Structures are given as C-alpha cells and as structure tokens.
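Survey of secondary and tertiary structure
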Amino acid sequence: MSRRTLILLLLVIIAIGVAGRSFELTARSLWFDEAFSWRLIQFPLPEMVARDAADVHPPLYYILLQWWSTVFGSSLLALRAFSVALAGATIAAMYLFVKEAAQSRPVGLLAAALLAVSGWQMQFAWEARMYTVGTALVLLSSWLLLKAVRQQPSRLSWWVLYGLAGAALAYVHYYAFFSIAAQVLFLLGYVLATTRWRIGELLQWRTFWHAVVAGGVMALAYLPWIPTFLKQNAQVQDAFWIPAIQGWSIPDTFYRFFAPTPGIPCHDTVPCVIVALVPISLTLLGLVTLLLTVWWRRAERSFNREAVTKSWTVWDANWLVFLSAVVPFGLSIVLSFVGQSLYQDRFFVFAHLFIVAALALLIGRLPGRVIRRGVAALVLAGFVLATMSFWRQLDIPNKPGAQAVSGHIYSRLADEPVPVVVSSPFVYFAILHYAVEDYGVAADDTTLPRLYSETGEFLHFAGGPILTEADFVGPEVFTGEADELWVVDTTGFGETHLPLPSSWLATDSVTHPEVFMHQGDVTATKYVRK
C-alpha cells in the first residue's frame, strides 16, 4: 500500500467518523453536563478554574473549550463541534497506535474504521464534554509509550513526549488515572522482563532512566493540582450521585459497547440473559486469546537483552492493550466497593478503545488474506448495523426536550415579558443556554430564566460551583408584581415539580421528552394569578 493511498484511506475513515458524529448534532437537547460546560466557560479563566476546583473534574477540557469558544462562539453547534473535531483526532490516533502495535498499516486502518463506526464512541463524541479530548490523549500517550519502548537505543525525546501526553491526559478526567496505571504496569513488566529482575543491570540501563524522566515530567506537571484533587476526592466520598454496582452493571456495560442502547438490556428471560452475557464473555475470551498468541522462539529463551527486546516487539503491544482494557475496570470495581461508587458506563470510554484495538489485532492475526478481509468486513458491518439500530432507538427528532420547551416559551414572550422559573438545576442550565444563545435574552431581562430555591444552596453535582446569586429566585416570585409565570419542571434525574400557591392557575402546558431515559421529560407550564 503506497503512502498516498494510505493517507487517502485514513482521511476517508476519519471523514466517515466525523460525519456520523455530526449527524443531527444540534437536534438533541443540551443536557445538564453539557450545559455545565457552557456555563463554566462563561467565567474569566482564573474564576473558571477556581469554580471547577469546587466541582469534581480537572480543568484542561474547560480551558481548551474556552479557547475554542473565543473563536467559534458558545452556541450548541460550536460546543459540540469541538468534541467532534477531537473525535476525528481520536480516530487518527487509533490508527497510529494500532499500526505501531501490530507493525501493520492495514490493521491500523481496520482499528480506525471500527472506531469510526462505533455507536458507543459516537454517543460521547457528540457531547460538549471532555471525553474525546481524553480518548485522543490516551491513544496518543499509548502510541508514544510504544515508540519510546521500542527505540533502540532509547531516545529521551520520546519519553519526554510521553510524559507530557500522560500529564495532559491526567488533567482531562480522573478515570485517566486508571489508564495511566495500566501504562505504568506495562512499563514495569517491560523493565523487569528485560533486565531479568537484576537491580544492577536495571540501574545501568539507559531506558530505565529515561522512563524515570518521563515519570518525573508527569509528576511535576501534575503536582500543582494534587491538593485540589484531594479536596475533590473527599467531596465525592462525602456525596455523589453514582449508584452502587449491581449484578448486571458490568455485563450491561459490555453489552452497550457492542450493541449500544438508550435503555436497559433485557434480563427477563433465559434467551435474554444469554444474549446479555455474550459480549462480556467474548471480550474476555478475546483479550485472553490476544495474550495466548505470544510465542517464544528458542533464541528468545536465552534471555539475553537483545533477544528479549526483540521478543517484545512481537508481544509488548498485546500486554499494553490487555492492561489498558482490563485495569480501568478492575480499579473502578475495587474502589467502588471500598468507598463511594465510581462505576458508570460512560467513564469506560477510554478502556473501550483498547477493546476495539484488541479486536483489530486479533483479526489481523487470522491466517489467510481472504479470511482476514472477510471477518473484517463482517465485523465492520456488525458495528454499522448496531449503530444504525442505536440511532433508531434514540428517535432524536421526536424527543426535542428542553430545546423545544425553550422554543415554546420564548416564542410566546416576544411581545410580553413574563418571568421564567425553573424548578431543578438539572434542567435550569440548559434552559438558560437556549434563552441566551438562541433567543438573545440579556442578563438584566425579566424573561431570563431563574432557578427556584429557598436556600440558594446546591450540592456540587447539582451545579453548585457554577451558580451565582443572580441565578436564584425564591418564594417572592409568587407575591411580586408579575401576574403571569412560566414554570419549567423535569421528570428526569433530580425530578422536581414546583408547587405554586393556590392563587395561581395553570393555563397552558407543554411536555417534551429528552432522548435518554435518565433525562426524563421537560414540562413548561404557564400560570396566571387568579
């Protein structure tokens, strides 16, 4: 395959992936997490970082998004386009990593193609959140690590680049620590296997000291954020929203990896149970098979450094892929049982990348070009069909949620200003976004949405860090001068319904469902004073 053909094919794959992630990009309503991103970047940079420190995430994504918004604005399209652009970079990084892992361009292209049409990855690539920044960096750092390990003699530049990429990854999402832990375990195994557990030989090996430099770069870059991380972790342990792990939590995650669905997989009948267990069973079998493809030649059993190093070019990537897929699950499960639950499907968006990579590597090792191409085509077709089924289940055009509710309200407020009161913070920021970005409501406008609260206090996971005094309205709204009110309620997470005094009468109401089950329905009701 010529270099020109390779680049053309990769660009086509990236274009397909970006197109799939851009389809109906703004048709689905902004939801709480995305609206949190939008609101946070409205603050000046120092205040934004300080407010983020009061939440539960590191700041790099928000800093990048704020820079992006200075050029492209903060509309829904602009916010999500940033994530889609990084999704394109993720596909390119997948090619680089798997191509290096397998020492094969076609296998790298296959991995990129599988990622491009993965419905599981798509649903996080279209959100104004940090996931695609993380997916791009976890693959980039893994590629840099492989390059650094495989350079003989070792080159410090590759290790420094790896350290910088790892530090950036740690500043994106705390689940990145699990991916970095997998990389560290891989590196530890490489070092010990190559030096045969001999400390003297280890201390004389240049690669070891280069790896130490990479770790130092990563640690020094992250050192300023450690006090904030410790405070955020304590905050999460005190109160967080993620439920405890249930019996089907882990199998359902693997089911959604390959057959994404907005609902809960069926567990009611024996056939349903069998189907629900197939993905996790095949994934584990595939990962173990990936390790069993390792073989040692007689010369490699002599345990001289040159032979061992040569053998690692055959199987080092197998271990890195295996650990990067498995370690995040293991650490998440353990930490969830000893403390606050941290197990949530979408946080495994990083680990999923390496399951896709493992699938491509296994297909690439099948005997015979015809068999490899046939299996690759079948698997790609399966991914595409699963993604198409997912889109049909989402039914986005018929679930306009907060976007349609906002349109209903503000299309009726053009001539007469009426206060808008939102009962829940989990829908407030989305309504506020549409009011400001789509309908140009100014900060001092009577119709700017306000969040109802009698205390003005909300937990960190309910938007507390990004709320200001100007956001709130209390019981005085019912006794003020306004004779009409719009009230927005939700049946989703944090469900609330604002009870009005008996002196108010409902005269108009509209309800629109959101796309995902946990987001529920959004209702706008107009009240007039009797």
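Numbering of residues begins from 1 in every chain and follows the order in which that chain's sequence is written. Thresholds applied to this predicted model are a pLDDT of at least 70 for local features of residues and 80 or more for the giving and counting of side-chain atom pairs; totals over whole chains, interfaces and linings are not thresholded and use all residues. Based on all heavy atoms of the structure, the side-chain values leave hydrogens and waters out of the count.

**Remarks on the overall build of the protein chain**
- Along the backbone of the protein chain there are 20 helices and six strands.
- For the protein chain, the C-alpha radius of gyration of 26 Å lies close to 24 Å, the compact-globule estimate for 530 residues.
- Taking contacts inside the protein chain between residues at least 6 apart in sequence as the whole, the part at least 24 apart equals 76%.
- Each charge class in the protein chain was averaged separately, 35 positive and 36 negative side chains, and the resulting centres sit 23 Å apart. Think of it this way: any DSSP run of H or I at least four residues long counts as a helix, any run of E at least two long counts as a strand, and we number them from the N terminus. This radius of gyration counts C-alpha atoms alone. The globule rule is 2.2 Å times how many residues there are, raised to the power 0.38. Contact definition: two residues touch when any of their heavy atoms are within 4.5 Å. Counted charges follow a simple rule, with Lys and Arg positive, Asp and Glu negative, and His plus the chain ends left uncounted. Where a charge sits is defined by one atom per residue type, namely NZ (Lys), CZ (Arg), CG (Asp) or CD (Glu).

**Some thoughts on the packing of aromatic side chains**
- The criterion for an aromatic pair is that two Phe, Tyr or Trp rings (for Trp, the six-membered ring) have centres within 6.5 Å, with stacked assigned to planes under 30 degrees apart, edge-to-face to planes over 60 apart and tilted to the rest. Following the criterion strictly, the structure yields 38 aromatic pairs and no others.
- Seen in terms of ring centroids, Tyr-175 and Phe-348 are 5.4 Å apart; in terms of plane orientation they differ by 90 degrees. Their pairing is edge-to-face. On the criterion of sequence distance, the pair formed by Tyr-175 in the loop between helix H9 (156-170) and helix H10 (176-195) and Phe-348 in the loop between helix H16 (305-338) and helix H17 (349-364) is long-range, its members being 173 residues apart. Phe-348 shares its class with Tyr-175; the two are buried.
- Seen in terms of ring centroids, Phe-329 and Phe-348 are 4.1 Å apart; in terms of plane orientation they differ by 5 degrees. Their pairing is stacked. A residue pair is termed long-range when its members are at least 10 positions apart, and Phe-329 in helix H16 and Phe-348 in the loop between H16 and H17 qualify at 19 residues. We call a residue buried when its accessible area falls under 20% of the maximum for its residue type, exposed when it is over 50%, and partly exposed in between, using a 1.4 Å probe and counting protein chains only.

**Observations regarding helix H19 (residues 401-410)**
- By the criterion of burial, H19 is predominantly enclosed, with eight of the 10 residues buried.
- Those residues of H19 that sit buried are Gly-401, Ala-402, Val-405, Ser-406, Gly-407, His-408, Ile-409 and Tyr-410.

**A few points about the sheet that holds strand E3 (residues 472-473)**
- Taken together, the six strands give an open sheet; going across it, the order is E3-E2-E1-E4-E6-E5, and neighbouring strands pair in mixed fashion. The outermost strands of the open sheet, each flanked by one partner alone, are E3 and strand E5 (504-513).
- Being paired, for any two strands, means DSSP has found at least two bridges between them. Where strand E2 (residues 450-452) and E3 come together, two bridges link them in parallel fashion. Across the sheet, the residue bridging to Leu-451 is Phe-472, located in E3.

**A look at the pairing of strand E4 (residues 484-490)**
- For E4, the buried fraction is high: seven of the seven residues fall into the buried class.
- Along E4, one buried face is formed by Glu-484, Trp-486, Val-488 and Thr-490 and the opposite face, lined by Leu-485, Val-487 and Asp-489, is buried too.
- In terms of strand pairing, E4 meets strand E6 (residues 521-529) through seven bridges, oriented antiparallel. Paired with Asp-489 across the strands is Thr-523, a residue of E6.

**A short note on the nonpolar core**
- Note on terminology: a nonpolar core comprises buried Ala, Val, Leu, Ile, Met, Phe, Trp, Tyr and Cys residues joined through side-chain atoms within 4.5 Å. Ranked by size, the top nonpolar core spans 149 residues in total, and within it Met-94, Phe-97, Trp-159, Ile-409 and Val-488 carry the most contacts.
- Among all residues touching Val-488, those that are not within four sequence positions of it are Val-405, Ile-409, Val-420, Val-421, Val-422, Ser-423, Val-427, Ile-431, Val-522, Thr-523 and Ala-524.
- Val-421, Tyr-452, Val-487 and Leu-500 belong to the second-largest nonpolar core, a separate cluster that totals 11 residues.

**A word on the packing of H19 against helix H20 (residues 425-438)**
- Fitting a line to C-alpha atoms yields each axis, with helices limited to the stretch in contact; the angle taken between N-to-C directions then spans 0 to 180 degrees. With their axes 9 Å apart at the nearest point, H19 and H20 run at an angle of 55 degrees to one another. In terms of axis orientation, H19 runs oblique to H20. As for how H19 packs across H20, the hand of that crossing is right-handed. Along the contact surface, H19 presents Ala-402, Gln-403, Val-405, Ser-406 and Tyr-410, while H20 presents Val-427, Ala-430, Ile-431, Tyr-434 and Ala-435.
- Classification used: nonpolar for Ala, Val, Leu, Ile, Met, Phe, Trp, Tyr, Cys and Pro, charged for Asp, Glu, Lys and Arg, polar for all others including Gly. Counted by class, the contact of H19 with H20 contains eight nonpolar, two polar and no charged residues. These descriptions rest on fixed angle ranges, namely under 35 degrees for roughly parallel, over 145 for roughly antiparallel, 65 to 115 for roughly perpendicular, and the rest for oblique. Each crossing gets its handedness from the near helix: less than a right angle anticlockwise from the far helix is left-handed, clockwise is right-handed.

**Notes on helix H4 (residues 60-72)**
- Over its 13 residues, H4 runs 18 Å from end to end, which matches the ideal 18 Å to within 8%, given 1.5 Å per residue.
- Buried residues along H4 sit against helix H2 (32-40), helix H3 (45-53), helix H5 (76-102) and helix H8 (131-150).
- Looking one or two residues beyond H4, the residue adopting positive phi is Gly-73, at roughly 85 degrees. A helix is expected to span 1.5 Å for every residue after the first.

**Some details on the layout of surface pockets**
- Quantified by volume, the largest pocket comes out at close to 1300 Å³.
- Around the largest pocket, the lining is made up of 50 residues, and of these Trp-31, Trp-241, Gln-344, Arg-346 and His-518 lie nearest the centre.
- Taken together, the elements giving at least two residues each to the lining of the largest pocket come down to H2, helix H7 (119-125), helix H14 (249-258) and H20.
- Here the residues of the lining of the largest pocket sort into 28 nonpolar, 13 polar and nine charged. In this analysis, the protein atoms alone were mapped onto a 1 Å grid. Cavities are point sets where a 1.4 Å probe fits without being able to get out; pockets are open sets with protein on both sides within 12 Å along at least five of seven lines; lining residues have an atom within 4 Å of a point. Grid points are joined across faces, edges and corners, and a volume is the space filled by probe spheres set on the points.

**What about the state of the cysteines?**
- Disulfide: a pair of cysteine sulfur atoms within 2.5 Å of each other. Evaluated as defined, the whole model comprises one disulfide.
- Across a sulfur-sulfur distance of 2.1 Å, Cys-266 and Cys-272 are joined as a disulfide pair. When the S-S torsion is 85 degrees, as for the bridge of Cys-266 with Cys-272, the disulfide is right-handed.

**Quick word on a nonpolar patch on the surface**
- Two joining distances apply to patches: 9 Å for like charges and 5 Å for nonpolar side chains (Val, Leu, Ile, Met, Phe, Trp, Tyr), and every residue must have over 30% relative accessible area and no salt bridge. Note on areas: these come from Shrake-Rupley sampling with a 1.4 Å probe, and a residue is covered only by the protein chains present in the view. Should a side-chain nitrogen of Lys or Arg be within 4 Å of a carboxyl oxygen of Asp or Glu, the pair is scored as a salt bridge. On the surface, a cluster of nonpolar side chains totalling about 480 Å² of accessible area is made up of Val-270, Ile-274, Val-278, Leu-282 and Leu-285.
- Mapped onto the elements of the fold, Leu-282 is located in helix H15 (residues 270-292).
- Here Leu-282 falls in the exposed class, since its relative accessible area comes to 52%.

**Some points on the pattern of salt bridges**
- Evaluated as defined, the whole model comprises 12 salt bridges.
- With a closest N to O distance of 3.2 Å, Arg-150 and Glu-100 form a salt bridge. With Arg-150 in helix H8 and Glu-100 in helix H5, the pair connects residues that are 50 residues apart, well separated along the chain.
- The buried category is assigned to Arg-150, whose relative accessible area is 15%.

**Some thoughts on the packing of H15 against H17**
- Two elements in contact, H15 and H17, have axes whose closest approach is 10 Å; the angle formed by their N-to-C orientations is 60 degrees. It follows that H15 is oblique to H17 by the angle criterion. The way H15 lies across H17 gives a crossing that is left-handed. Along the contact surface, H15 presents Thr-283, Gly-286, Leu-287, Thr-289 and Leu-290, while H17 presents Ile-355, Ala-358, Leu-361 and Leu-362.
- Each residue belonging to the contact of H15 with H17 can be placed in one class, and the counts come to six nonpolar, three polar and no charged.

**A few points about the confidence of the model for the protein chain**
- pLDDT is a residue-level measure of predictor confidence that goes from 0 to 100. With 96% of its residues at a pLDDT of 70 or more, the protein chain has an overall mean of 91.
- Within the model, the stretch residues 295-311 combines pLDDT values under 50 with 22 contacts to residues more than four positions away or in other chains.

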